[in-house]
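Observations on the three-dimensional arrangement
This is what each chain is made of:
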Amino acid sequence: MPALPDTRSIRLHRRLFTIAAAAGAASLALPARAQPAWPSRPIRIVVPYTPGGFTDQMARLVQVELQNRLGQPVLIDNKPGANSIIGVDMVAKAPPDGYTFGVVIAAYSANTTLYPKLPYDPARDLRGVALIGVTPLVAAVPAQAPFKTARELVDYARANPGKVSFGSSGNGSAAHLTTELLKLQTGIRMVHIPYRGTAPALADLMGGQIQLLFDTPSSLAPQGRDGKIRLIGLAGDQRLPSLPELPTFIEQGFAGFNGSTWAGMLAPAGTPAPVVARMAQEVSAVVRGAEIRSRMDAMGTLAAGGSPAEFDAFISAETEKWAKVIRAADIKAEA
């Protein structure tokens, strides 16, 4: 006859089971451990260029207002080199925790084609946050040039193939690509003279060594007002508040001709979507505010803002647009 179970042991097991069940129920009733609200510490914005340039100016333009709105310090970290690739790579490889962002310009979209072996994959490693602003480029010629309008320039270049030389701030720069786009759309032949920056190109334009230069309004408008050069057109859809007298190329008969630099904020891929959305919302609010918009207008920059999805679409369109120009003109990156 089998031994009967110990009734004391049964009671003990039942009691232990009851205690364990109660403890489990209590643990389920406890709230999940709360995550700290974002942001809870300083935020870093990597600028892949030296201080003082357009990209740096755009980042610092929004820096203070972002600090005020987010309640945390926003630190600018300049990491120049390799046509912005070094700084952008730092952003791509940063922890996607919402505390590292980057500000890039039009070169970011061109680099995808100019440099086939980038250390990062723009589509895989980075995502757009918000477009900050767009700066249509201005075309300038020497003050004593025989052409006074964009149409006269193109007609002269068509009648004198290869006799017009144009400068740029470097191979593959927005200024270079915009002029190559003009060549492709009009079929004219001009000679490219690349410089290391806008300043030496502008000096040669004023001296008559080159006949055309596209660059930002803030770089060329002061010399235009002083009569040292002549501004002949704007590569944008509409006139700028800071240069209301300067007609666009579109107004002068060049349908669809647009060339600009722009600034926008990126985040490492994998950054939490709510954080990216919040940052986009704050950047948009800053650049659309009366004070910052006024300052951007004075620089010849059109305030933008918008959602992460809109900026991603903008980057894709810019990358595709300039890839066609780079390939058609056989443009090579500077060594």
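So, a few notes on the structure that sits alongside this text. By convention here, each chain's residues receive numbers from 1 onward along its written sequence. Restriction of local features to residues with pLDDT of at least 70 applies here, the model being predicted, together with a cutoff of 80 or more for giving and counting side-chain atom pairs; totals for whole chains, interfaces and linings are based on all residues. Side-chain descriptors were evaluated using all non-hydrogen atoms of the structure, hydrogens and water having been removed beforehand.

1. A look at the packing of aromatic side chains
Stated precisely, the cut-off is as follows: Ring geometry is summarised as follows: Phe, Tyr and Trp rings, the Trp one being its six-membered ring, pair when their centres sit within 6.5 Å, and such pairs are stacked at plane angles under 30 degrees, edge-to-face over 60 and tilted between the two. Burial status follows relative accessibility: with a 1.4 Å probe on protein chains alone, a residue under 20% of its type maximum counts as buried, one over 50% as exposed, and anything between as partly exposed. We count a stretch as a helix when DSSP gives it H or I for four or more residues in a row; a strand needs E for two or more, and each element gets its number in order from the N terminus. A ring is scored as having a charge over it whenever the NZ atom of a lysine or the CZ atom of an arginine sits within 6 Å of its centre and within 35 degrees of its normal.
Scanning all chains against the criterion turns up 8 aromatic pairs. Here the aromatic rings of phenylalanine 249 and phenylalanine 257 are separated by 4.9 Å at their centres, their planes lie at 55°, and the arrangement is tilted. A residue is classified by how much of its surface remains accessible, and phenylalanine 249, at 0% relative accessible area, is buried. Measuring from ring centre to ring centre gives 5.3 Å for tryptophan 262 and phenylalanine 314, while their planes differ by 85°; the resulting arrangement is edge-to-face. Of this pair, tryptophan 262 sits in strand β10 (residues 260-268) while phenylalanine 314 sits in helix α12 (residues 308-328), and the two are 52 residues apart along the sequence. By relative accessible area, phenylalanine 314 is classed as partly exposed at 22%. One aromatic cluster in this structure is built from Phe214, Phe249, Phe254 and Phe257. Taking NZ or CZ as reference, arginine 41 lies 3.8 Å from the ring centre of tyrosine 99, over its face.

2. Re the pairing of strand β3 (residues 100-105)
We apply this condition: When DSSP locates at least two bridges between a pair of strands, those strands are taken to pair.
Most of β3 is tucked away, with 6 of its 6 residues classed as buried. Side-chain alternation along β3 places Thr100, Gly102 and Val104 on one buried face and Phe101, Val103 and Ile105 on a second face that is also buried. The pairing of strand β1 (residues 43-47) with β3 spans 3 bridges and is parallel. Its bridge partner lying in β3, isoleucine 45 is registered against phenylalanine 101. Pairing of β3 with β10, which is carried by 4 bridges, proceeds in the antiparallel orientation. Of the residues in β10, the one forming a bridge with valine 104 is glycine 264.

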